[in-house]
Amino acid sequence: MGQFILVPIIFFGLIILISSFFVVKQQTAAIIERFGRFQSIRHSGLQLKIPLVDRIAGKLTLKIQQLDVIIETKTLDDVFVKLKVSVQYKVIREKVYEAFYKLDYPHDQITSFVFDVVRAEVPKMKLDDVFVKKDDIAIAVKRELQEYMSEYGYDIIKTLVTDIDPDAQVKAAMNRINAADREKTAAQFEGDAQRILIVERAKAEAESKRLQGQGIADQRREIARGLEESVEVLNKVGINSQEASALIVVTQHYDTLQSIGQETNSNLILLPNSPQAGSQMLNDMVASFTASNQIGEAMKNAKNNKKDE
């Protein structure tokens, strides 16, 4: 009979003994209460408590946690925008007591502060400034959270504005503005390129004209020199300058006709082009030279007579 009573007592004692030991995981803190009153904080490893007297009131992780908060607010230029703010925080190892007993819902407290700070900062900025100064918003959120949450045993590691989402119509308008600005820039570059091309083409054409004019001048200079030599040769054989000039012109006329005749696809028509054109041209030129000489002699005599008077 005594053996049957002893077995349950031993079994019950083993249960109590086993329940007096517990394990706390790494980066975790366990809060021990004795009869409902705070007793101690236990960290990672095998721990011992008094059975039926002490109990584990709760456990807090000491790892870095992240809370994502989405806030909808209005900017200075009356554009509604949604911001996603990511808050990275952890329980301070030396303030586990404050984190467990002073604050019931840390997530709600952090969310409230994020809402308060963002809705105080963003309405001061235009939409473009929100994108540019998102780091300033994050710093302001961290500063306010750090000052408040440290009292409750929480350390704010980092705050990040991870997303800025304006209204769909606003985004479409921003994309159109960006596209128009890029098209304007592209048009300016194309205009500059066309202007440079026109200027360079004009420079090239001017240089070509200059060289062409220089070539024509050189050509005429050589022609004049050749004519001068031809006249000198003809003068040596008894042909005066007027007759020599007329003869050279007629010769060039026939050379031109010969050159035209060699071109099978030429559309040039030289007028007059009769068989008597050469001799008639020669006679006309000799007559004109003679008349011009006579007029010149008459003008010279008239000047001399005026001087004598």
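Look up: the structure comes first, before these words.
Anyway, here's the lowdown on the structure attached to this text. Predicted model only: the values in this text are computed from it and were never measured.

**Examining the side chain of Ser-20**
Looking at where Ser-20 falls in the secondary structure, it is placed in the loop between helix H1 (2–19) and strand E1 (21–24). In this structure Ser-20 touches Gln-47, Leu-48, Lys-49 and Pro-51, once residues within four positions along its chain are discounted.

**Some details on the packing of aromatic side chains**
All chains considered together, the criterion is met by seven aromatic pairs. For the ring pair Phe-38 and Tyr-97, a centre distance of 4.9 Å and an interplane angle of 70 degrees mean the geometry is edge-to-face. Of this pair, Phe-38 sits in strand E3 (residues 37–42) while Tyr-97 sits in helix H2 (residues 96–101), placing them 59 residues apart in sequence. Overall, the relative accessible area of 38% leaves Tyr-97 in the partly exposed class. Cluster of aromatic residues (ring-pair linked, three or more members): Phe-38, Tyr-97, Phe-100 and Tyr-101.

**A word on empty space enclosed by the protein**
Evaluation of the coordinates by the stated rule reveals one cavity of 30 Å³ or more. Each pocket or cavity is described by its volume, and for the largest cavity that value is around 30 Å³. Considering the residues around the largest cavity, the lining is formed by Gln-26, Gln-27, Thr-28, His-43, Ser-44, Leu-62 and Arg-93. When the residues that make up the lining of the largest cavity are grouped by side-chain class, the tally is one nonpolar, five polar and one charged.

**Structural notes on the packing of helix H3 (residues 106–121) against helix H5 (residues 134–149)**
Helix-helix packing: each pair is described by the crossing angle between the helix axes and the interaxial distance. The N-to-C vectors of H3 and H5 enclose an angle of 140 degrees; their axes lie 9 Å apart at closest approach. Classified by the angle their axes make, H3 and H5 are oblique. Note that H3 runs across H5; the crossing there is right-handed. Side by side, H3 and H5 meet where Gln-109, Ile-110, Phe-113, Val-114, Val-117, Val-118 and Glu-121 of the first sit next to Ile-137, Ala-140, Val-141, Glu-144, Leu-145, Tyr-148 and Met-149 of the second. Residue classes in the contact of H3 with H5 are distributed as 11 nonpolar, one polar and two charged.

**A closer look at a nonpolar patch on the surface**
Judged by side-chain polarity, Ile-10, Leu-14, Leu-17, Ile-18, Phe-21, Val-23, Leu-46 and Leu-48 come together as a nonpolar surface patch covering roughly 820 Å² of accessible area. Secondary structure elements with two or more residues in the nonpolar patch: H1, E1 and strand E4 (45–48). At four residues, H1 tops the list of elements feeding residues into the nonpolar patch. For Leu-48, the location among the structural elements is in strand E4. Taking the relative accessible area as the measure of exposure, Leu-48 reaches 48% and is therefore partly exposed.

**Remarks on the pairing of strand E6 (residues 65–74)**
Here E6 pairs with strand E7 (residues 80–91) via 10 bridges, running antiparallel. Within E7, the residue paired with Glu-72 across the bridge is Lys-82.

**Considering the pairing of strand E2 (residues 28–34)**
With six of its seven residues buried, E2 lies for the most part within the structure. In the sheet, E2 pairs with E3 via five bridges, with the strands oriented antiparallel. The residue bridging Ile-32 from the neighbouring strand is Ser-40, located in E3. Where E2 folds back onto E3 in an antiparallel hairpin, the turn is made up of two residues, including Phe-35, whose phi is positive at roughly 55 degrees.

**What to know about the sheet that holds E7**
Read across the sheet, three strands follow the order E6-E7-E8 without closing on themselves; strand pairing throughout is antiparallel. Edge strands, defined here as strands with exactly one partner in the open sheet, are E6 and strand E8 (154–166). Strand-to-strand, the axes of this sheet are offset by a mean angle of 20 degrees, without reference to chain direction. Docked against the sheet, H3 engages E6, E7 and E8, running at close to 35 degrees with respect to E6.

**What about the side chain of Arg-42?**
Here Arg-42 shows up in strand E3. In this structure, Arg-42 is buried with no salt-bridge partner, the nearest side chain bearing the opposite charge being Asp-54 at 5.1 Å. At a separation of 2.6 Å, a polar atom in the side chain of Arg-42 contacts the main-chain carbonyl oxygen of Leu-48.

Calculation rules
- Residues numbered from 1 in each chain as written.
- Predicted model: local features only at pLDDT ≥ 70, side-chain atom pairs only at ≥ 80, totals over all residues.
- Heavy atoms only, no water.
- Helix = DSSP H or I, 4+ residues; strand = E, 2+ residues; numbered from the N terminus.
- Contact = heavy atoms within 4.5 Å.
- Phe/Tyr/Trp six-rings, centres within 6.5 Å; stacked < 30°, edge-to-face > 60°.
- Buried < 20%, exposed > 50% of the residue type's maximum accessible area, 1.4 Å probe, protein only.
- 1 Å grid on protein atoms, 1.4 Å probe; cavity = no way out; pocket = protein on both sides within 12 Å on 5 of 7 lines; lining within 4 Å.
- Points joined across faces, edges and corners; volume = space filled by probe spheres on them.
- Nonpolar A, V, L, I, M, F, W, Y, C, P; charged D, E, K, R; others polar.
- Axes fitted to C-alpha atoms, helices over the stretch in contact; angles between N-to-C directions.
- Parallel < 35°, antiparallel > 145°, perpendicular 65-115°, else oblique.
- Left-handed = near helix turned anticlockwise from the far one by under 90°.
- Patch = residues over 30% accessible without salt bridge, like charges linked within 9 Å, V, L, I, M, F, W, Y side chains within 5 Å.
- Areas by Shrake-Rupley, 256 points an atom, 1.4 Å probe, with all protein chains shown as cover.
- Salt bridge = Lys/Arg side-chain N within 4 Å of Asp/Glu carboxyl O.
- Pairing = 2+ DSSP bridges.
- Lys, Arg positive; Asp, Glu negative; His and termini not counted.
- Polar contact = N/O pair within 3.5 Å; in protein donor to acceptor, adjacent residues only side chain to side chain.

In short, the description is geometric, and any link to function would need to be established separately.
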